[in-house]
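Remarks on the overall topology
The primary structure of each chain is shown beneath.
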Amino acid sequence: MRYIFTIILGVFSLVSHSQNDISLSYYLPENSTYNPSIPTPQSVLGFVPGKWHVTHDKLVSYMKILADASPRITIEDRGKTFEDRPLLLLTITSEKNHKNLKNIQNKHIQLTEANAEAVDIETLPVVVYQGFSIHGNEPSGSNAALIAAYYLAAAQGEQIEKLLNTTVILFDPSLNPDGLQRFAYWVNTNKSKNINTDPQDREYSEVWPGGRTNHYWFDMNRDWLPAQLPESRARIATYHKWYPNILTDHHEMGTNSTFFFQPGIPSRTHPLTPDVNQKLTKKIANYHAKALDNIGSLYYTEENYDDFYYGKGSTFPDINGGIGILFEQGSSRGHAQETDNGILTFPFTIRNQLTTALSTLKAATSMRKELLQYKKNFYSNAKKEASKDAIIFGNEKDAASTYHFAEILNRHKIKFHELSNDVTLQNRTYKKGYSFIVPKNQKQSRLITAIFEKRTTFQDSLFYDISAWTFPLAFNLDYKDGVSTTNIGNEVSDLKHRTPKPISQSNYAYLMQWHEYYSPKALYQILKKGIRAKVGMKPFTIEQHQYDYGTILIPVQNQKLATADLYAFLQQVSKENYIDITGVSTGLTQGIDLGSNQFRALSLPKIGLFTGNGITPYDAGEVWHLMDQRYDIPITKLNTENFNSFDLSRYTHIILPNHRGQSLRNDQVEKLKTWIRNGGTLIGYRNVAQFFKNNEFMNIEFTKPENIAKTITFEQKRDFTGAQVVGGAIFEAAIDRSHPINFGYKDKKIPLFRNTTLFVKPDNQSYNNPIQYTKNPLLSGYISKKNLDSLSSTVPFRHNDLGRGNVILFTDNTNFRAFWYGTNKLLMNAIFFSDEM
């Protein structure tokens, strides 16, 4: 035992010594000389990269000092993260190219246009976008960026001069500043002088939610296409200013892995990606292989990862005329860990990332003309393929959702137009101001297809991420492909929210329909002001206007505000939320009169959100972001670890996001039930269904498909089981519009996003099934036949009373990745109207 202990102690000592004594020569290419006037990373940081994890503030300091010192580098601040950290971009190239940069940029844009043939590519530099550590707890990328930037600024000689003369590098040293800072703090504050390589050490087990995500706990490597987050929007703006020939995305993976670079599994490439793209990716891969061979690092390719979902950094370029490349380094998740491949040190991971960052530039230089020609051909062929018709989309009762979808198109430089007049197609009305039309004959025709298409057949049945993202379905918009451009109006050059109609002052009451996206925000503002409001349980007609289920009534009399002040306040609410509020002069209607008991009084919700161990950070973050950023509704984040100390009476509603296992003990479960019986509403998501069933919050029966392997070999086992995963697809459900959970929806069907295999049997009473999957529910994406059969006619929503309170279940995520606008209102209905269900 003493002998083993001595060996372990020796390993700790060796690792500590090697990392403390590390120098830049460990990382940098051999036989290079460096300009002594360019500051090294350690001269600014106080340590050689790899000894400590760089914090974002220090990374920013070094990049700014480097840019000041080197004529090869310019730096720009493209915006701020949610935590106000700068989103830096370095442009690195030769001094000669810097003087001609605008012309080079214009020529790259021209390569995507109809006049691309006029561009001479013989001397045109290639453009490479290099992005590091979009997942903050995969930090070897951003730490390698310190050394890569130094090399590009300081290296001397013919090789670097050629590289810089033929390449413009858009250098993004930290794609996720907030996550990088959070993770660096964790591992640095838990680092020992004698580095402990035991994987069970605290250093390698970061606290919830971890550093992977941004401030609101989003996985930003799924946001390249939706572009809902400030970090994404900054890099997308840069991307469309250049359309880079190569984009690299430096990640980390499991500690026992080696190093991966693309291409991924060939059968899992999106069909819209040209075959030439994968051939070029493979050719570039040869440069990575040679570079890693030279330093003796193990690697693999064409396994595990795919090129299907265009919302990832390494796949987004594939639909935009470039080559996306994913790098995945086995992670030390700290400073050094024991692994199946021996001791994995942080400096080793940094060196591999640096090596492939430089091999990418070597490939780009060598393949320059080939890559430029590919970009030119991509857009030329796309133009030839594009049809002369158009796609129309909109929601005649929800202009804000239409606006936010158009916002995505706008960010991706997709042209769209106003309607010249209202149009009715297949019983769907597209109103001017509520709808837009997208001509397909434009340079982004392939991206348009990727955004709007519904796809239900696939070459492969396994997906690294979601298999469907049809955007108009995500926004619950009407849309139709293949329409004439007859009704096309002016091109939208300055996208703005619809301006609401002026409010007529009333001495009687005001009415607000519930259809618009920002209606919940408006209602919260009204209730917070202490103004009485009611919800209409039935439709009615008044003063020649029809009002739907869920209409909000604000009486004028017996309010805390005087008549004139109430009018002024509602004008402000209307303007801020882009919604119509209508003054009426009578309570007499066709249908329920305004004094009817069918108008139910509403109260201000006070909302808690379970967070912490066991809770899925993504799901919790989506709810937090929705309330905090979209609706300006305060929400209290309740850590599960502190549950015993909570005074639950402070909250009217508590949301329990998807979680793993039993996050609450039996006594805590009883405390939660007591709160519900006293009038609270508990809203659960996804796997919470099992928690509700096991703890008798709700009587649930599941449908479970048999999955018996009969002719499957051991080698095929992983693919067989993987094919039963619902990674993310879109399904159709029928809704009962009279039920409060569906207030604000104009149609009898709704598209839902689903990534679970929880199939809940419907209740025997039809009125208890206000949302129910149709018999053939698949709209877009992959699902196995067994799972599709099991999903048919099941329910994604359940509600039951418990004492004076409510238990509500959603088996599907209504807030997926911040771009699933179309079902956000289901959660808001569960909050505002829970007592009316």
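It should be emphasised that the depicted structure is a prediction, and the values quoted were computed from it without experimental measurement.

**So, the overall build of the chain**
Secondary structure summary: the chain contains 23 helices and 35 strands in total. Taken over C-alpha atoms, the radius of gyration comes to 29 Å for the chain, in line with the 28 Å a tight globule of 837 residues would show. Viewed in the frame of its principal axes, the chain has a C-alpha envelope of about 90 × 75 × 65 Å. Per-residue burial over the chain gives 62% buried out of 837 residues. Taking contacts inside the chain between residues at least 6 apart in sequence as the whole, the part at least 24 apart equals 78%. Element-wise, carbon and sulfur atoms account for 46% of the exposed surface of the chain, whose accessible area totals about 32,900 Å². On the chain, the mean spot of the 91 positive side-chain charges and the mean spot of the 81 negative ones are 2 Å from each other.

**Side note on the sheet that holds strand β31 (residues 729–735)**
Through backbone hydrogen bonds, the strands of a sheet pair up, either in parallel or in antiparallel fashion. Taken together, the three strands give an open sheet; going across it, the order is β32-β31-β33, and neighbouring strands pair in antiparallel fashion. Edge positions in the open sheet fall to β32 (749–754) and β33 (771–780), since each of these has one partner strand only. If you compare each strand with its neighbour and ignore which way they point, the axes differ by 35° on average. Strand direction decides the pairing type here: β31 and β32, joined by six bridges, are antiparallel.

**Some points on the side chain of Arg 686**
For Arg 686, the position within the fold is in the loop between β30 (681–685) and α20 (688–694). The buried category is assigned to Arg 686, whose relative accessible area is 11%. When sequence neighbours within four positions are dropped, the list of residues in contact with Arg 686 reads Asp 619, Asn 658, Asn 755, Thr 756, Leu 758, Leu 809, Phe 810, Thr 811, Asp 812 and Asn 813.

**With respect to the nonpolar core**
Counting residues in each nonpolar core, the largest one holds 229 residues, and the members touching the most others are Phe 171, Ile 552, Met 627, Ile 655, Phe 692 and Leu 827. The biggest single contributor to this core is helix α6 (residues 140–154), with eleven residues. Once residues within four sequence positions are removed from consideration, Ile 552 is found in contact with Tyr 510, Leu 511, Met 512, Trp 514, Leu 523, Ala 533, Lys 534, Val 535, Leu 602 and Phe 833. Residues Ile 542, Val 584, Ile 592 and Leu 594 belong to the second largest nonpolar core, which totals ten residues.

**Some words on the environment of Asp 57**
Considering the arrangement of structural elements, one finds Asp 57 in helix α3 (residues 56–69). Remark: the alpha-carbon pair of Asp 57 and Arg 85, spanning 28 residues in sequence, is separated by 8.2 Å. In this structure the side chain of Asp 57 is engaged in a polar contact, spanning 2.5 Å, whose partner is the side chain of Thr 55.

**Topic: the pairing of strand β34 (residues 797–802)**
Burial analysis of β34 places five of its six residues in the buried class, the great majority of the element. With six bridges connecting them, β34 and strand β35 (residues 805–810) associate as antiparallel partners. Across the sheet, the residue bridging to Leu 802 is Gly 805, located in β35. A loop of two residues connects β34 with β35, the two strands running antiparallel in sequence, and Gly 803 in this loop sits at a positive phi of about 65°.

**Let's talk about unusual backbone geometry**
With an omega dihedral of 5°, the bond running from Trp 208 to Pro 209 counts as a cis peptide bond. Here Pro 209 lies in the loop between α8 (177–189) and α9 (230–242). Residue Pro 263 is reached from Gln 262 by a cis peptide bond, and omega for that bond is 20°. In this structure, Asn 427 is a non-glycine residue whose phi angle is positive, near 65°. One can find Asn 427 in the loop between β14 (423–425) and β15 (428–430).

**Remarks on the pattern of salt bridges**
Oppositely charged side chains may form a pair once their charged atoms are brought near each other. Per the stated rule, a full pass over the model turns up 39 salt bridges. The salt bridge involving Asp 219 is made with Arg 222; its shortest N-O contact spans 3.6 Å. Given the relative accessible area of 8%, Arg 222 is considered buried. One salt bridge in this structure joins Asp 632 and Lys 521, with 3.4 Å as the shortest N-O distance. Note that Asp 632 is positioned in the loop between α18 (617–630) and β28 (635–639) and Lys 521 in helix α16 (residues 519–528), a separation of 111 residues in sequence. A single salt-bridge network, built from bridges that share partners, covers Glu 138, Arg 212, Asp 219, Arg 222, Asp 465 and Arg 817.

**Let's talk about the sheet that holds strand β27 (residues 607–611)**
The mixed open sheet is built from six strands, whose spatial order is β28-β27-β29-β30-β35-β34. Looking at strand neighbours, the two that pair on one side only are β28 and β34, the edges of this open sheet. Neighbour to neighbour, the strand axes of the sheet diverge by 20° on average, direction disregarded. Across the sheet, α18 touches β27, β28 and β29 (653–656), and the angle it forms with β27 is around 155°. In this fold helix α23 (residues 824–832) packs onto β27, β29, β30 and β35, with an angle of close to 160° to the strand it touches most, β30.

**Considering the packing of aromatic side chains**
This model, assessed by the stated rule, comprises 61 aromatic pairs. Consider the rings of Phe 308 and Phe 463, whose centres lie 5.1 Å apart with planes at 75°: the pair is edge-to-face. Here Phe 463 lies in the loop between α14 (445–452) and α15 (471–474) and Phe 308 lies in the loop between α10 (275–295) and β9 (323–330), a separation of 155 residues in the sequence. Ring geometry for Phe 691 against Phe 692: centres 6.2 Å apart, planes inclined by 45°, an arrangement best described as tilted.

**Some remarks on the packing of α6 against helix α11 (residues 346–366)**
Viewed as axis vectors pointing N to C, α6 and α11 meet at an angle of 50°, and their least axial separation amounts to 8 Å. Classified by the angle between their axes, α6 and α11 sit oblique to one another. Handedness of the α6/α11 crossing: right-handed. Contacts from Ser 140, Gly 141, Asn 143, Ala 144, Ile 147, Ala 148, Tyr 151 and Leu 152 of α6 reach α11 at Phe 346, Thr 349, Ile 350, Gln 353, Leu 354, Leu 358 and Leu 361.

**Examining the confidence of the model for the chain**
In the predicted model, the chain carries a mean pLDDT of 95, and 98% of its residues have values of at least 70. Ignoring residues within four places in sequence, the model shows residues 1–14, a span with pLDDT below 50, making six contacts including any to other chains.

**Details of α11**
Given a rise of 1.5 Å per residue, 21 residues ought to cover 30 Å, and the 31 Å separating the end C-alpha atoms of α11 matches this to within 8%. Of all 21 residues making up α11, 18 are buried, and the element is well covered by its neighbours.

**Re the side chain of Thr 349**
The residue Thr 349 is located in helix α11 in this model. Residue contacts for Thr 349: discarding those within four places in its chain leaves Ser 140, Gln 329, Gly 330, Ser 332 and Leu 344.

**A look at the environment of Thr 360**
Locating Thr 360 in the fold gives a position in helix α11. With residues up to four places along the chain from it excluded, the contact list for Thr 360 reads Val 128, Gln 130, Ile 246, Thr 248, His 288 and Phe 327. Among the polar contacts made by the side chain of Thr 360, one reaches the main-chain carbonyl oxygen of Thr 356 at a distance of 2.7 Å.

Reading the values: the criteria
Residues numbered from 1 in each chain as written. Predicted model: local features only at pLDDT ≥ 70, side-chain atom pairs only at ≥ 80, totals over all residues. Heavy atoms only, no water. Helix = DSSP H or I, 4+ residues; strand = E, 2+ residues; numbered from the N terminus. Rg over C-alpha atoms; globule rule 2.2 N^0.38 Å. Buried < 20%, exposed > 50% of the residue type's maximum accessible area, 1.4 Å probe, protein only. Contact = heavy atoms within 4.5 Å. Areas by Shrake-Rupley, 256 points an atom, 1.4 Å probe, with all protein chains shown as cover. Lys, Arg positive; Asp, Glu negative; His and termini not counted. Charge placed at Lys NZ, Arg CZ, Asp CG, Glu CD. Pairing = 2+ DSSP bridges. Axes fitted to C-alpha atoms, helices over the stretch in contact; angles between N-to-C directions. Core = buried A, V, L, I, M, F, W, Y, C linked by side-chain atoms within 4.5 Å. Polar contact = N/O pair within 3.5 Å; in protein donor to acceptor, adjacent residues only side chain to side chain. Salt bridge = Lys/Arg side-chain N within 4 Å of Asp/Glu carboxyl O. Phe/Tyr/Trp six-rings, centres within 6.5 Å; stacked < 30°, edge-to-face > 60°. Parallel < 35°, antiparallel > 145°, perpendicular 65-115°, else oblique. Left-handed = near helix turned anticlockwise from the far one by under 90°. pLDDT = per-residue confidence, 0-100. Expected span 1.5 Å × (residues − 1).

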